[in-house]
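# What the coordinates show
Chain by chain, the residues:
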Amino acid sequence: LSMHHHHPSEAHLEHHDKGRSHGSHEHGMTPVQSPALLQHEHLALVGEEVVDDTEFSELERVGKGVRVGQVIEHLSTELSEDTSCRSLPGAILLFACFIVSCLQAEEPTLNYSTRSLLNEILTEDANFAYIPGSQFQHDLGADQDVGMKVLDNANTRQDVHSWFRLGFFPLFQGSFSLDGPADMSAIITQWEYNSAIGGVRLSQELAPLGDCRDASMAKALANFDICSPAFHYLSTPLSPHLPDILAREVKEDDPVRWFFFSEDWSIIEARIDETLRPNSTWLQRRRSESVRAAVPLYNPELHTLTVVYAEFFFARSGKQWARVLAPTLKLQVYYKLFHIVVDVVCAILVLHIFYSEGNEVRVIVIESKRQRMTPFKAIFRHFTQFWNGVDCLCMIGFSFLVFYWIGHIQNAQTLSDMLAGDLFGQRTMTGSEEEKAQALRALLDHVEMSLRHQLTVAYIRSICLFLVPMRMFKAFSAQARLSILTRTFTSAATDVFHFMLIFFTLFMSWAVCGIVLFGNSIEEFADFERAMNTCLRVVLGEIVWHEVREEAGPIVAALWLWTFCFVNSLVVLNMLLAIIMDAYTDVKSSVGTHSETLLEQAWETFTRWKARRAGHRLSVKEVLYALEDKQLPPGVKITPASLCDLVTGLGKEQAEEVLIGALQDADDLERTTHSVSAVIKMVGAVDTRVKAMNRNLTLLIGHSVASSNGAVKGPATPESILNEVAALSESFREHQEKMAQRLLKMEECIRVVSDDARARSGLCVGQRDFMHNRPMSRSSLGMAQVAAGEGEPVTRDRGLPTSPVPTAVASCFSAKFQDS
């Protein structure tokens, strides 16, 4: 071990300076004065050239010693890279297994096919407004009457009544004729593999009543005593979505009617007329906001239960909208061995996360007790770090997912048991009307509760699908080449945040402007949410030119569309790309030349593990902890031999590998990298300083030439400036030589007068001889070197005896410097 209190380059510089001066004395040459502009530790002056110390072999550099701080930093980096490389396979496997598990659990293809089939049947095949068949249809053998309207044509409450009576109920009842009882043994060919169960629940959602905005005008013009201030459906309802229906569950005080398939068609028809006619007491004109029908369907091939929802919305503007939904539940969650195996693997990997974090928490608690810190504070500080927080969120997310998934399995089993009971048959229900109503109400309530549970599971899965890749990014963050993406996001986060403030300000301005200009007649701009989505589609390349042109005219539409596309698509988004690319180039250039690829690091981890198992080397953690326990100053330099002495059991080959890695990391850190914006700033600063230097040099040369020659002839050019600078430097060198000669003569004169004064003052001979024979001072030596033309003098204040004879000094000076 050796402590170097000076800069490492100073030793090399001093050694080479001595060599140069020694050679100069031997050959009688005047050395060239090289400027000391060394900015890197591994550079040294050799002769007149700047040589890179890294030209030496790595073993030679390691033999000279490596700082302890660099070694500890390298070992810490290696330990984090080794840990991340070991955790990467588990993170990738968890990600793959979780994706497969989500696809197996949801089976979106089957669910979408069922929903699309039922939606098409109810929107296209549930016809009403029948007319007698024409002669042409009779000739083709089609004796049935023809329905001229479908669901989209139901624009009034009379149409709602006709659609339910002639279109909806006959599809499920099995009779497609206007009159006659239903054939209970008939097979519904429209549904193919889906069979209706029990009956239909028809519910109504009511709005609260209140005073009209102008009571007298409402009474005089519309005969309205009270109004319903319902603002939920003032605009066009959004596209059909399940969360809205499940959120508006049927309440106890909501009007409900039950229709059972086991009843006669005449009874069902009479009840429909009683319920849905415009003048009926059940369908309230002022308070009714929506009417919803729900029918459960069972598919024996898929073993699924589907609920068909057909709902009409009554807006206070007079418009009514209809939508159809058909969510599906699986009554048997696990029916494939592959699905079970995938979920078991996922559960094992998640338990491994809990086990690893539990060990870390245990170590933190032990360390906090040793440091006399509150364990809760230490654990909180640990999990507030970003990547540890990601692990914590993963554990919380998977805990909720397992909890709700177990409840989902139990709900599916409960529904299966309910359908296998005595009250439900294939298409009919047995028992009294009250028993059938209670059983159907319990079935539909449990189905809706299971659907809400399933929707919650889907939301938790969606969150976990983002948390699991974040654990992969945690493993990537310790690998130099894999962490480029995450470090790019981190580097650009501040600029992107400020960019988003400007972007959304502009974006919302154009969206609201679209609502003002086109919202009265274009559905895409009917409300704020739809306007924002439409503007986003325009930014991504979807043009709505024809719609806005027909509404606002070509001039207004062109101004809105062109300015929006130019500002948001061409300018603002390219600025975002520039911000990200600037951060990416900065991060990419910071990756050192010695950074390993993923395959190289994986192979290195495997070979280290194999050698450690064989007892040929120590682990990185053991070397790091052993070196940290010594508590050496960071500036201490260690060699492979001294490192082997510090770490018990460490081999020479591994010690050399550790020190070489530390040197390589230090070399990578010394390389200064800049982003594009930083380079542009530096170029601007250099340009400014060059202009300032040019201006100052021009003024300096102008003053010097004017003072020597009287005036400057002609304009200053770079060539004239260089010539003047060369002349000034030559004049300054001559002046420096003259001053050196004068200083030498002055010191000689002072020494002669001092000796004379000591002799006159009675100094002894021994003292006088000592004064004559003492070594030459540094100032005298420097003056002698200057006189010999070997270099610049190095002066230092020396305490010289004061002469008692000032007249002798004056005479000596006048004799020596009479020419000056």
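Each residue is numbered by its place in its chain's sequence as written, counting from 1. In keeping with the predicted nature of the model, local features appear solely for residues at pLDDT of at least 70, side-chain atom pairs appear and are counted solely at 80 or more, and the whole-chain, interface and lining totals rest on all residues. Hydrogens and waters are ignored; side-chain quantities use all the structure's heavy atoms.

### Quick word on a nonpolar patch on the surface
Let me state the cut-off plainly: Residues enter patches when their relative accessible area tops 30% and they take part in no salt bridge; the joining distance is 9 Å for like charges and 5 Å for the nonpolar side chains Val, Leu, Ile, Met, Phe, Trp and Tyr. Shrake-Rupley sampling with a 1.4 Å probe provides the accessible areas, and residues are treated as covered by the protein chains on show and by no other component. Salt bridges are defined as contacts in which a side-chain nitrogen from Lys or Arg sits within 4 Å of a carboxyl oxygen from Asp or Glu. Exposed residues in this analysis have more than 50% of their type's maximum accessible area, buried residues have under 20%, and partly exposed residues fall in between, with area computed by a 1.4 Å probe over protein chains only.
A surface patch of nonpolar side chains, about 460 Å² in accessible area, is lined by Leu337, Ile340, Val341, Val344 and Ile348. Residue Val341 is classed as partly exposed on the basis of its relative accessible area, which comes to 44%.

### With respect to the layout of surface pockets
Cut-off, in case you're wondering: Throughout, the protein atoms alone are placed on a 1 Å grid, and a set of points is a cavity if a 1.4 Å probe fits but cannot get out or a pocket if it is open with protein on both sides within 12 Å along at least five of seven lines; lining residues have an atom within 4 Å of a point. Grid points are joined across faces, edges and corners, and a volume is the space filled by probe spheres set on the points. Strands are runs of DSSP state E lasting at least two residues, helices are runs of H or I lasting at least four, and both sets are numbered from the N terminus onward. Following the grouping adopted for this structure description, the nonpolar residues are Ala, Val, Leu, Ile, Met, Phe, Trp, Tyr, Cys and Pro, the charged ones are Asp, Glu, Lys and Arg, and the polar ones are all others, Gly among them.
Its boundaries defined by the atoms lining it, the largest pocket holds a volume of some 1300 Å³. Contributing to the lining of the largest pocket are 36 residues, with Leu79, Thr83, Ser84, Ser87 and Glu360 lying nearest its centre. Elements that contribute at least two residues to the lining of the largest pocket include exactly α3 (68-106), α10 (337-370), α12 (386-419), α13 (433-477), α18 (598-614) and α19 (620-629). Ranked by residues supplied to the lining of the largest pocket, first place goes to α3 with 11 residues. In the lining of the largest pocket, the residues fall into 12 nonpolar, 13 polar and 11 charged. Here the second largest pocket is characterised by a volume of approximately 810 Å³. As for the second largest pocket, its lining consists of 35 residues, of which Thr77, Glu78, Glu81, Asp665 and Asp668 are closest to the centre. Those elements that place two or more of their residues in the lining of the second largest pocket are α3, α18, α19 and α21 (652-670). The leading source of residues in the lining of the second largest pocket is α21, at 10 residues. A class-by-class count of the residues in the lining of the second largest pocket yields 10 nonpolar, 14 polar and 11 charged.

### A short note on empty space enclosed by the protein
The gaps left among the atoms become clear once a water-sized probe is rolled over them. If you walk through the whole model with that rule in mind, you get 5 cavities of 30 Å³ or more. Roughly 80 Å³ of volume is contained in the largest cavity. Lining the largest cavity are Ser203, Gln204, Glu205, Arg248, Glu249, Val250, Lys251, Asp254, Ser290, Arg292 and Glu311. Those elements that place two or more of their residues in the lining of the largest cavity are β7 (199-206) and β9 (288-299). Of all the elements, β7 adds the most residues to the lining of the largest cavity, at 3 residues.

### Here's the deal with helix α11 (residues 375-383)
Note on helix geometry: an α-helix contains 3.6 residues per turn, so any two residues three or four positions apart are oriented the same way. The test is simple: The directions from the helix axis to the C-beta atoms are what the arc is built from.
When we look at burial in α11, the residues that qualify are Ala378, His382 and Phe383. Looking straight down α11, one finds that the buried residues subtend no more than 125° of arc, so they occupy a single side. For α11, the exposed residues set more than 90 degrees away from the buried face come down to Phe376 and Phe380.

### Describing unusual backbone geometry
For His303, which is not glycine, the phi torsion reads 55° and is therefore positive. Relative to the helices and strands, His303 is located in the loop between β9 and β10 (304-314). Positive phi outside glycine occurs at Arg372, with the angle close to 60°. By the element assignment, Arg372 lies in the loop between α10 and α11. Exposure remark for Arg372: the relative accessible area of 83% places this residue in the exposed category.

### Some points on the state of the cysteines
Counted only if it meets this: Counting rule for disulfides: a pair of cysteine sulfur atoms within 2.5 Å.
For the structure on display, the rule yields 1 disulfide. Cys346 carries a free sulfur, and the closest cysteine sulfur to it, the one in Cys97, is 4.8 Å from it. Classification of Cys346 by relative accessible area gives buried; the value is 8%.

### Describing the packing of aromatic side chains
Threshold: What counts as a ring pair is set by centres within 6.5 Å for rings of Phe, Tyr and Trp (its six-membered ring), and what kind of pair is set by the plane angle: stacked under 30 degrees, edge-to-face over 60, tilted for all other angles. Any Lys NZ or Arg CZ found within 6 Å of a ring centre and within 35 degrees of that ring's normal is scored as a charge over the ring.
Summed over the entire model, instances satisfying the criterion amount to 24 aromatic pairs. Residues Tyr334 and Trp405 carry aromatic rings whose centres are separated by 6.2 Å and whose planes lie at 85° to one another, so their mutual orientation is edge-to-face. Residue Tyr334 is located in the loop between β12 (328-330) and α10, and its partner Trp405 is located in helix α12; the two are separated by 71 residues in the primary sequence. Exposure remark for Trp405: the relative accessible area of 13% places this residue in the buried category. Summarising the aromatic geometry, the rings of Phe525 and Trp560 are spaced 5.7 Å apart at their centres and angled 85° between planes, so their arrangement reads as edge-to-face. Note that Phe525 is positioned in the loop between α14 (484-518) and α15 (528-539) and Trp560 in helix α17 (residues 554-589), a separation of 35 residues in sequence. The structure contains a cluster of three or more aromatic residues connected by ring pairs, namely Phe499, Phe503, Phe504, Phe507, Trp510, Phe518, Phe525, Trp560 and Phe564. Arg157 extends its terminal NZ or CZ atom over the ring of Phe314, reaching a point 4.4 Å from the ring centre. Against the face of Phe260 rests Lys436, its NZ or CZ located 4.9 Å from the ring centre.

Read these as geometric descriptors, not functional statements.
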